[in-house]
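Structure at a glance
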Amino acid sequence: MVRDRITVAGAGILGLWQALTLARRGHRVNLIDRNGEPLAHSASHHAGAMLAPWVEAESAPALVRDLGVEGLGIWRETYPHVILLGSLVVAAPRDQPDLVRFARLTERHRTLDRDELESLEPDLAGRFQSALFFPDEAHVATPAAMRFLLQAVQAAGADVRFGRELEVDDREGIIIDCRGLGARDRLKDLRGVRGERLLIHSTDVRLGRPVRLLHPRHPLYVVPWGEGRYLVGATMIESEDEGPVSVRSALELLGAAYALHPALGEAEILEMSAGVRPAFPDNVPRARVTDGGRSVLVNGAYRHGFLLAPVLAKAVADYLTDGTPHPLLTI
């Protein structure tokens, strides 16, 4: 087993899983992050944290689905608060062809009629003619899950420091670079993809599982975080603009949420924010080994960071142990 000191740079979802997996295998791990405030400024902060490998197969390569199933399993083994209630995909009557197309491109779902949907999610009663139900999927509340991982990293014996950049001394050991767009100087094919989201509070709507609303212009997902809080997110936007949410985007998000359920129009807006996530050309997160094995760049989370972070962490740990290859690892 490699016994060099390992520095994991970047405490987003990829870095947290790398540090936890390596520390639990007995490595000497330092987890560092340039931001002084823990967990607040990473792109992972904006994630919906849906562990939905079969839903993602609608637009992602089969590799994401197959390895995402493994990632979901690792989450369930590690984090006691994974909510395994499945996920729903719905569409307005005029957009039913989109629902049919979605069903054709995905697996492990069943079609619900109005009565079955009402039984599963009573607050959506009468709202949609049918829905796709993916019973084996799950989700987590992003802030709570990341806090748990950070505490688990510390409990596993890793040295954690925020407000610290990579330093020359770090290169005496092995570096696992999970800095996202901060590593663009080393990853020329990395691009930024903007995501926008709302965090709202509603006592009028109760949803137990993530719901995706298909729409030709404004697809939307709503993820329940508990205590009446819901993350409302839009699909990824090909832009590297890190600025605040625009009026137009806010109207589109709010309008789509209202279309899902009019009572969401009375919800309180707790937070409105936008972030830029790193992505490779094929939108699949990967790990690249460089410098003769002394450096591993783990990046390109796109919208699959929560789903594949545990798989990437296992792949890197296995490689450092005995050189085991992996589909997400480039040597």
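Residues numbered from 1 in each chain as written. Predicted model: local features only at pLDDT ≥ 70, side-chain atom pairs only at ≥ 80, totals over all residues. Heavy atoms only, no water.

**Brief notes about the sheet that holds strand β17 (residues 329-330)**
Spatially, β8-β2-β1-β9-β16-β15-β17 is the arrangement adopted by the 7 strands of the open sheet, whose pairing is mixed. Edge positions in the sheet fall to β8 (159-162) and β17, since each has one partner strand and no second. Of the pairings in the sheet, the one linking strand β2 (residues 29-33) to β8 comprises 4 bridges and is parallel in character. Following the sheet pairing, Asp 33 is matched in β8 by Phe 162. In the packing of helix α1 (residues 13-24) onto the sheet, contacts are made with β1 (6-9), β2, β9 (174-177) and β16 (295-299), and the angle to β2 comes to roughly 165 degrees. Where helix α6 (residues 142-155) meets the sheet, its contacts fall on β2 and β8, and the angle it forms with β8 comes to roughly 130 degrees. (Pairing = 2+ DSSP bridges. Helix = DSSP H or I, 4+ residues; strand = E, 2+ residues; numbered from the N terminus. Contact = heavy atoms within 4.5 Å. Axes fitted to C-alpha atoms, helices over the stretch in contact; angles between N-to-C directions.)

**Some points on the sheet that holds strand β13 (residues 229-234)**
In spatial order, the strands read β5-β6-β4-β11-β12-β13-β10-β14; together these 8 strands make up an open sheet with mixed pairing. The sheet is open, and its two borders are formed by β5 (110-113) and β14 (268-279), each paired with just one other strand. The sheet shows a mean angle of 25 degrees between the axes of neighbouring strands, taken without regard to direction. Sheet analysis places strand β12 (residues 220-226) next to β13, joined by 6 bridges and oriented antiparallel. If you follow Tyr 221 over to β13, its bridge partner there is Gly 233. Along the sheet face, helix α4 (residues 96-105) touches β4 (87-91), β6 (130-134) and β11 (211-214) and points at about 25 degrees away from the line of β6.

**Brief notes about the pattern of salt bridges**
Considering all chains together, one arrives at 22 salt bridges under this definition. Ionic pairing is found between Asp 136 and Arg 108, a salt bridge with its closest N-O pair at 2.8 Å. Of this pair, Asp 136 sits in the loop between β6 and β7 (138-139) while Arg 108 sits in the loop between α4 and β5, and the two are 28 residues apart along the sequence. Across the salt bridge formed by Lys 314 and Asp 318, the nearest N and O atoms sit 3.1 Å from each other. Highlighted residues: Lys 314 and Asp 318, both in helix α8 (residues 305-322), separated by 4 residues, approximately one helical turn. Relative accessible area serves as the criterion here: at 36%, Lys 314 is assigned to the partly exposed category. Residues participating in the shared-partner salt-bridge network are Asp 177, Arg 179, Arg 186 and Asp 291. (Salt bridge = Lys/Arg side-chain N within 4 Å of Asp/Glu carboxyl O. Buried < 20%, exposed > 50% of the residue type's maximum accessible area, 1.4 Å probe, protein only.)

**Topic: the packing of helix α3 (residues 62-78) against α8**
At a closest axis distance of 7 Å, the pairing of α3 and α8 adopts a crossing angle of 85 degrees. Taken together, the axis directions place α3 and α8 in an arrangement best described as roughly perpendicular. In contact with Val 64, Leu 67, Gly 68, Glu 70, Gly 71, Ile 74 and Trp 75 of α3, α8 contributes Phe 306, Leu 307, Leu 308, Pro 310, Val 311 and Lys 314. (Parallel < 35°, antiparallel > 145°, perpendicular 65-115°, else oblique.)

**Quick word on unusual backbone geometry**
The phi dihedral of Glu 227 falls on the positive side, at around 55 degrees, and the residue is not glycine. The topology assignment puts Glu 227 in the loop between β12 and β13. On the accessibility criterion, Glu 227 (72% relative accessible area) is exposed. The backbone of Asp 291 shows a phi angle near 55 degrees, a positive value even though the residue is not glycine. Within the secondary structure, Asp 291 is located in the loop between β15 (286-290) and β16.

**Observations concerning the environment of Met 236**
Relative to the elements of secondary structure, Met 236 occurs in the loop between β13 and α7 (247-260). With 17 residues separating them in the primary sequence, Met 236 and Pro 219 have C-alpha atoms 9.8 Å apart. Once residues within four sequence positions are removed from consideration, Met 236 is found in contact with Val 193, Arg 194, Arg 277, Tyr 302 and Arg 303.

**Quick notes on the packing of α1 against α3**
Relative orientation of the contacting elements α1 and α3 amounts to 65 degrees, with a least axis distance of 14 Å. In this structure, α1 crosses over α3, and the sense of that crossing is left-handed. The segment α1 lies against α3, with Ile 13, Trp 17, Leu 20 and Arg 24 engaging Ile 74, Trp 75 and Thr 78. Taken together, the residues of the contact of α1 with α3 break down into 5 nonpolar, 1 polar and 1 charged. (Left-handed = near helix turned anticlockwise from the far one by under 90°. Nonpolar A, V, L, I, M, F, W, Y, C, P; charged D, E, K, R; others polar.)

**Observations regarding the nonpolar core**
Formed by 74 residues in total, the largest nonpolar core has its most connected members in Trp 75 and Ile 176. Counting residues per element, this core draws most heavily on α8, which supplies 11 residues. Among all residues touching Trp 75, those that are not within four sequence positions of it are Ile 13, Trp 17, Leu 51, Val 82, Val 140, Ala 145, Leu 149, Phe 306 and Pro 310. Val 232, Ala 256, Leu 260 and Ala 263 belong to the second largest nonpolar core, which has 26 residues in total. (Core = buried A, V, L, I, M, F, W, Y, C linked by side-chain atoms within 4.5 Å.)

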